[in-house]
Amino acid sequence: MSTEIVVVPHTHWDREWYEPFQRFRLRLVALLDEVLDTMERQPAYHFTLDGQLACVDDYLEVRPENRDRVAALVESGRLAVGPWQILLDEFLCSGENIVRNLELGMARADKLGGAMPVGYLPDMFGHAAQMPQILRRAGLLHACVYRGVPSSVTTDAFAWVAPDGTALRTQYLPAGGYGNGAHLFHDPAGLKERADAFTRTMREWHGPEGSLLAMYGTDHSAPVRGLPEMVAAIGARMDTLSGYIGDCSGEVDGLPEVRGELRSHARANILPGVISVRAHVKQAMSRAERMVERYAEPLATLWGEEWPGRFLDMAWWRLVDASGHDSVTGCGVDDTAQQVAARIAEAEHLGQAVRDMVTARLAGAVPSDGVLVANPTPAPRRGVVLVDVAGHHPLVDPSGAAVPVQPLEHAATLLLDDEMDPATALSFVHGTELYGQHITSWSVEDGTLTFTVARETQAVFDVDDLRGELDGVTRVRIVAEPRRTVAALVEVPPLGHTSVRPAPHEQVFGPPAGASGLPTEHDPSCWLSSDSAALPVRGDEEVLDNGLLRVTIARDGTLTLVGQDGTTVTGAGRIVDGGDVGDTYNYAPPPADLIVDEPVSVESELIASGPLVAMVDVRRTYRWPAAGGAIDGAPELPAIARTPAAEDVVVTTRVELRAGEPFVRLDVEFDNRCADHRVRLHVPLPDRATQSYAEGQFAVTTRGLTPEGGCGETPLPTFPASSWVAAGGVAALLEHVTEYEVVDGAELALTLLRSVGYLSRNRNPLRPEPAGPQLPTPAAQSRGVRRVSLALMPYRESWEEVVPHAEAFRHDLLVVPGQGAQHLSLPAPAAGLSVTGNGVTMTSLRDRDGWHELRVVALTPGDTEAVVEGSFTRARHADLRGRPGEDLPVTDGTLRLSLKAWEIATIQLANSG
């Protein structure tokens, strides 16, 4: 037999899954001990370590003495590691997270002898559209995939084309995926017959010429003893995956093309239910990514002092670790999900720490009675913020101009009024601190000791001065300065900051007119400009209107939205509850489902009526079945139905409309006391849709209404969207990756919650084979209070209208209390870096070796230009690993950068010298 089979020994190592990380690691250490020993005894032995450096790092943390042994095998080319830090889920993390994952993995691999030059993606549940461009811009010329490949691919290799046109040679793993050769060597007996059968099968994919790839390994598998001898016995050779693919050129000419994302069910299950299970983990992941990507790093880059690189590195390590395809997906046991959630929380805390460190420095120049307002987006913003300030005076900006405000609530001023031994009250005093505030004065009158406290004080207080005045005191009062929360409309420079503070009425408006107090023109609604971008908001319990959008609340609690151009959405916000007897991988309705979509009662409460913010709480009470039927594990499909017992569930939707926003914000909250069900929010479309448009991972993906099936699982038309999804004239703006479906071309359905009780059901009605062990996951029922924030925006012409508004919705202006002396004036507004251009979106800004590294993507189907303005004199291209490229011309602090449609561009900026 000729050497036509190339055997690639490997292991697919799920870092955490049906066991938590540390339990799997014990097995990993034993496996790699054996691999190293075997490779050193047998020079012909090669091994591919699953394309992720996490395996190496996890091993060397336990066996640090073996680092040189690992490096020697990597340098020899016999042990292939990387290029990823961890094998991720491509749809449940941000595009920037994907880049940092690759960057970390390749940098770590370089220290051991070099990364495998193949974008190995063996078990992800589908693949993002921009992956070919990401891999190519990191210097990789090949990808290798298994799941998601469409039926149009009938060869072992194809040209995978990203939206920008980048084409990458991609090795497909047919006939068994990453374990297509796992059956070959389990027993020397019958080896030749199995090899002949393998050759016949694979020739159908490879054609009559060329070597056949036999991936010898499965989940958590160790190499079989005597493998080199068996490989030699069939005339095959052993190599790494990079060794096999390295024999192929990176040319794609003549290969069949596949464009965009790979989410077909034709050849393998893609397990789409992971998008919606344990939704709180997805919420936390998105929140932590935004904190690090769009707040901590840009703030530290533009406004920090010493670069807090170590803190940010630690945050990214945790985000990347959490992105694993059995981690953020939520398809592991509860112990695994708990550890992933803790890791994500640590990443967010690290980002918050860096954010707070930088903003504290900026807030030091803002008087303590004012607030700093920072803008995390690279475009000028005029937006509503919530500000907590003392007193009743109007707010002014640094120029002294009045800032439009709307009072929302007032803090309590009487904190204590009780009969009390004054000695007890004095024990509450710590320095000047009392009840979390600071003593500004005190008095004793008619047997009552009264303390006046405030957030800030310049007063000197000595408790000993008080002790001699306590005779006859039997009552203690603590009175706080008046404080209020107001909505304020502020203008903030791009990636910059401004500030506001209270000022006396007379200073702002002059003497009041008449005995009635403030003149009419001092009504905050009159401070708004007459242009449509800042018309006042008017609201009552039935109608909210800001000139850009009119929202009417129907008796059933649904909404009618009418845009400025007349686009109308009727019946938005309908809540639909149905059964789910699936598992963490696949949704499955009961054979006889009970759908609940009508509330038993509805009530509305006006919270704020304008002129900057109008809010109504809509409370709808539903009777949801308490649970689904039990699972018995029998080979027959159990007769599962929803229980007749029901729970009264109150779904509260806060409907909020702000000045200048063409979308309505919705905060949906309910206490989930039910099991085995799915809750979705439905939005009827103004126009029937044949396609949807969803943003995610540096692209906007166009999808039809039905996915391609063919493998086994039922191909449900549910898809992921990261920051927004649009169809038929309405868009949903999202805070986290959300599962959606366009139902019959008429409604957009967004999954708010999916409650299930098993990692995998052996008999899932919509998936014929198990996706993992049948283990209980009671925490995946997601009981307790659940809250989801989103916004709805009608549009007329194109989804491109949605992009800037989704950016603003996801990245709120940041408000920080002033920390400077009260005698200070407000500092002048300051701009950081401006990035403008049709469809141009910033995804990252950080410091790299003294350069400001900016990453943008052109979210547009046509070529565009990015205009970058700031205090820089030099600019150059860089790849996704930060390696510098050609210089770019800069004129007066302005860089004009031509971008192809969907291009990801990394630019480094600096000052001369």
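Structural notes, computed from the coordinates. Note that the structure is a prediction, hence the values are computed from the model and not measured.

With respect to the secondary-structure elements, Gln908 resides in strand β50 (residues 904-910). We classify Gln908 as buried; its relative accessible area is 1%. A distance of 2.7 Å separates the side chain of Gln908 from the side chain of Arg876, its partner in a polar contact. A distance of 3.1 Å separates a polar atom in the side chain of Gln908 from the backbone oxygen of Gly882. Not counting residues within four places of it along the chain, the set of residues in contact with Gln908 comprises Arg848, Trp851, His852, Glu853, Arg874, Ala875, Arg876, Ala878, Gly882 and Pro884.

The subject of this paragraph is the pattern of salt bridges. Oppositely charged side chains can pair when the atoms bearing their charge come close. Using the criterion set out here, one finds 60 salt bridges in the structure. With its nearest N and O atoms 2.7 Å apart, the salt bridge here joins Arg15 to Asp58. Placement of Arg15 in the loop between β1 (5-9) and α1 (21-41) and of Asp58 in helix α2 (residues 54-62) is noted, with a sequence separation of 43 residues between them. Across the pair, exposure class does not vary: Arg15 and Asp58 are buried alike. Of the charged contacts in the structure, one is a salt bridge between Glu103 and Arg846, with a shortest N-O distance of 2.7 Å. Here Glu103 is found in helix α4 (residues 95-110), whereas its partner Arg846 is found in strand β44 (residues 840-848), with 743 residues between them in sequence. Each member of the pair, Glu103 as well as Arg846, is classed as buried. Overlapping salt bridges bring together Glu96, Arg100, Glu297 and Arg855 as one network.

What follows deals with the sheet that holds strand β34 (residues 692-696). Overall, antiparallel pairing links the nine strands, which are arranged β29-β30-β31-β32-β41-β38-β37-β34-β35 in an open sheet. At either margin of the open sheet sits one strand with a lone partner, and together these are β29 (601-609) and β35 (699-703). Strand-to-strand twist of the sheet, defined as the mean angle between neighbouring strand axes without regard to direction, takes the value 20°. Here strand β37 (residues 724-727) runs beside strand β38 (residues 730-734); their pairing, made up of four bridges, is antiparallel. What sits directly across from Ala727, in β38, is Val730. Set on the sheet, helix α15 (residues 803-810) makes contact with β32 (664-672), β37, β38 and β41 (784-794); between it and β38 the angle comes to about 30°.

Turning our attention to the packing of aromatic side chains. Inspection of every chain in the model, using the stated rule, returns 16 aromatic pairs. Between Tyr146 and Tyr178 the ring centres are 6.2 Å apart and the planes differ by 90°, which places this aromatic pair in the edge-to-face class. Pair noted here: Tyr146 is in the loop between β5 (142-145) and β6 (157-161) and Tyr178 is in the loop between β7 (167-172) and α6 (191-206), with a separation of 32 residues, a long-range link. Like Tyr178, Tyr146 is buried. Aromatic pair Phe185 and Tyr216: ring centres 5.4 Å apart, planes at 85°, arrangement edge-to-face.

Below, the discussion takes up the nonpolar core. Counting residues in hydrophobic clusters, the biggest one holds 105 residues, and the most contacted among them are Trp84, Phe158, Trp724, Leu733 and Leu833. The dominant element in this core, judged by the number of residues it contributes, is helix α9 (residues 279-303), at 12 residues. What Trp84 contacts, discounting residues up to four positions off in sequence, is Gly51, Gln52, Leu53, Ile98, Asn101, Leu102, Gly105, Gly119, Tyr120, Leu121, Met131 and Leu135. The next biggest cluster of nonpolar side chains, apart from the first, holds 55 residues, and it includes Val569, Leu657, Val725 and Val788.

Calculation notes
- Residues numbered from 1 in each chain as written.
- Predicted model: local features only at pLDDT ≥ 70, side-chain atom pairs only at ≥ 80, totals over all residues.
- Heavy atoms only, no water.
- Helix = DSSP H or I, 4+ residues; strand = E, 2+ residues; numbered from the N terminus.
- Buried < 20%, exposed > 50% of the residue type's maximum accessible area, 1.4 Å probe, protein only.
- Polar contact = N/O pair within 3.5 Å; in protein donor to acceptor, adjacent residues only side chain to side chain.
- Contact = heavy atoms within 4.5 Å.
- Salt bridge = Lys/Arg side-chain N within 4 Å of Asp/Glu carboxyl O.
- Pairing = 2+ DSSP bridges.
- Axes fitted to C-alpha atoms, helices over the stretch in contact; angles between N-to-C directions.
- Phe/Tyr/Trp six-rings, centres within 6.5 Å; stacked < 30°, edge-to-face > 60°.
- Core = buried A, V, L, I, M, F, W, Y, C linked by side-chain atoms within 4.5 Å.

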